[in-house]
Amino acid sequence: MHLRVEGIEFSYNSVKVLKGIEFEIKRGELVSILGTNGAGKTTLLKTINLILRPSKGVVYLDGKRLDRMSGKEIAKRMGYVPQYSQKTPIKVFDAVLLGRKPYIKWEVSGEDIKRTEEVLKLLGLEKLAMRNLDQLSGGEFQKVMIARAIAQDPEILLLDEPMANLDLKNQMEVAELIRTITERKGISTIVVMHDLNLALRVSHRFILMKGGKVFRAGGPEIITEDVIKMVYGIDAIIEKIPGLNIKVVIPINGVKTWKNS
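A word on the sheet that holds strand β4 (residues 56-61). One open sheet holds the four strands; their spatial order is β2-β1-β4-β5, and the pairing between them is antiparallel. What marks the edges here is a single partner per strand, and that holds for β2 (15-26) and β5 (64-65). This element, helix α1 (residues 41-48), spans β1 (2-12), β2 and β4 of the sheet and lies at about 60 degrees to β2.

In this section: helix α8 (residues 225-232). Taken together, the buried positions of α8 are V227, I228 and V231. Looking straight down α8, one finds that the buried residues subtend no more than 100 degrees of arc, so they occupy a single side.

Our next topic: the environment of L34. In this fold, L34 is placed in strand β3 (residues 30-34). Taking the C-alpha atoms as reference points, L34 and K91, separated by 57 residues in sequence, lie 34 Å from one another. In contact with L34, not counting residues within four places along its chain, are K41, M193, L196, A199, F206, I207, L208, M209, I223 and Y232.

All right, on to the sheet that holds strand β7 (residues 156-160) then. Consider a sheet: its strands pair through backbone hydrogen bonds, and that pairing is either parallel or antiparallel. Taken in spatial order, the six strands of this open sheet run β6-β7-β8-β3-β9-β10, and their pairing is mixed. One side of each edge strand has no neighbouring strand; the edge strands of this open sheet are β6 (78-81) and β10 (213-218). Taken over all neighbouring pairs, the strand axes of this sheet differ in orientation by 15 degrees on average, direction set aside. Sheet analysis places β3 next to strand β8 (residues 188-192), joined by four bridges and oriented parallel. Looking across to β8, one finds that V31 is bridged to I190.

To continue, consider the layout of surface pockets. Counted as a void, the largest pocket has a volume near 170 Å³. As for the largest pocket, its lining consists of Q83, Y84, S85, K87, G138, F141, Q142, E161, P162, A164, N165 and L166. When its residues are assigned to classes, the lining of the largest pocket shows five nonpolar, five polar and two charged. Taken as a whole, the second largest pocket spans an internal volume of roughly 150 Å³. Elements represented by at least two residues in the lining of the second largest pocket include exactly α7 (196-202) and β12 (246-251).

A few words on the packing of helix α5 (residues 138-150) against helix α6 (residues 168-185). Two numbers describe how α5 lies on α6: the axes approach to 10 Å, and their chain directions differ by 15 degrees. Taken together, the axes of α5 and α6 lie roughly parallel to each other. Viewed along their axes, α5 and α6 form a crossing whose handedness is right-handed. Residue-level contacts link G139, K143, I146 and I150 of α5 to N170, E173, V174, L177, I178, I181 and K185 of α6. Considering only residue class, the contact of α5 with α6 consists of six nonpolar, two polar and three charged.

Grouped together as the largest cluster of nonpolar side chains are 51 residues, with contacts concentrated most on L123, V144 and I223. Tallying contributions element by element places α5 first for this core, with seven residues. If we ignore the near neighbours within four places in the chain, the residues touching L123 are K143, I146, A147, I150, L177 and I181. The next biggest cluster of nonpolar side chains, apart from the first, holds 28 residues, and it includes F10, I33, M78 and I190.

Right, let's get into the pattern of salt bridges. Counted according to the given criterion, the structure contains 16 salt bridges. R77 is the partner of E73 in a salt bridge, and the nearest nitrogen-oxygen pair spans 4.0 Å. One end of the pair, E73, and the other, R77, are both in helix α2 (residues 71-77), four residues apart, so they sit about a helical turn from each other. Judged by its relative accessible area of 12%, R77 is buried.

Reading the values: the criteria
Residues numbered from 1 in each chain as written. Predicted model: local features only at pLDDT ≥ 70, side-chain atom pairs only at ≥ 80, totals over all residues. Heavy atoms only, no water. Pairing = 2+ DSSP bridges. Helix = DSSP H or I, 4+ residues; strand = E, 2+ residues; numbered from the N terminus. Contact = heavy atoms within 4.5 Å. Axes fitted to C-alpha atoms, helices over the stretch in contact; angles between N-to-C directions. Buried < 20%, exposed > 50% of the residue type's maximum accessible area, 1.4 Å probe, protein only. Arc of directions from axis to C-beta. 1 Å grid on protein atoms, 1.4 Å probe; cavity = no way out; pocket = protein on both sides within 12 Å on 5 of 7 lines; lining within 4 Å. Points joined across faces, edges and corners; volume = space filled by probe spheres on them. Nonpolar A, V, L, I, M, F, W, Y, C, P; charged D, E, K, R; others polar. Parallel < 35°, antiparallel > 145°, perpendicular 65-115°, else oblique. Left-handed = near helix turned anticlockwise from the far one by under 90°. Core = buried A, V, L, I, M, F, W, Y, C linked by side-chain atoms within 4.5 Å. Salt bridge = Lys/Arg side-chain N within 4 Å of Asp/Glu carboxyl O.

Here's what the structure looks like:
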């Protein structure tokens, strides 16, 4: 599986939000889209699966244009989890089963039930299957939303800030779960993130956006102090955690002010 985004542009009214976006993602990669608020991250995610139609450019999946596929075919091949989802009073099992909708013809099949059970087990949600969504914690609910997308058996998984508003423990659990699923199932995952350190911990590659453009793209080597200064407008130092081979970004703006106050 191979995803290629070629020359994507998009505008809200007369304001151009995306400007000539180009990148490629291979199977089994978790790629984080990073940048400041207003850089176009969420808009880019929505143009990839054509929730928003780009004014220019094409998205290719295995060499085929996405805009020439049916909505059902796109739904089979791409799973999408928005930044905000509403907690409705339906059972967790039924919520995940909804991910099978692109495959259901007349009625739910035994295969749909089996696949739903497998996904619940994969994400450790079996014990919550008969709970209502509006009874779940934030972390549990986010896992259910990811489970519903995975139940589609997608080749591409698109996640918009899946760790937002979660506590530290749930952030780590959800982030590591996403990476595990990406590698185990051999899919390609694109995640919009704000937490640089969490992104550095779980991502294979990064796309840094600035002003609606791809400012840098690549592996951990592109996350440098100079790049952080240029993208985020802050001074920071980058350290490696001994024995873990993990980079940590430490903002230093204002440190002198705090010390002197």
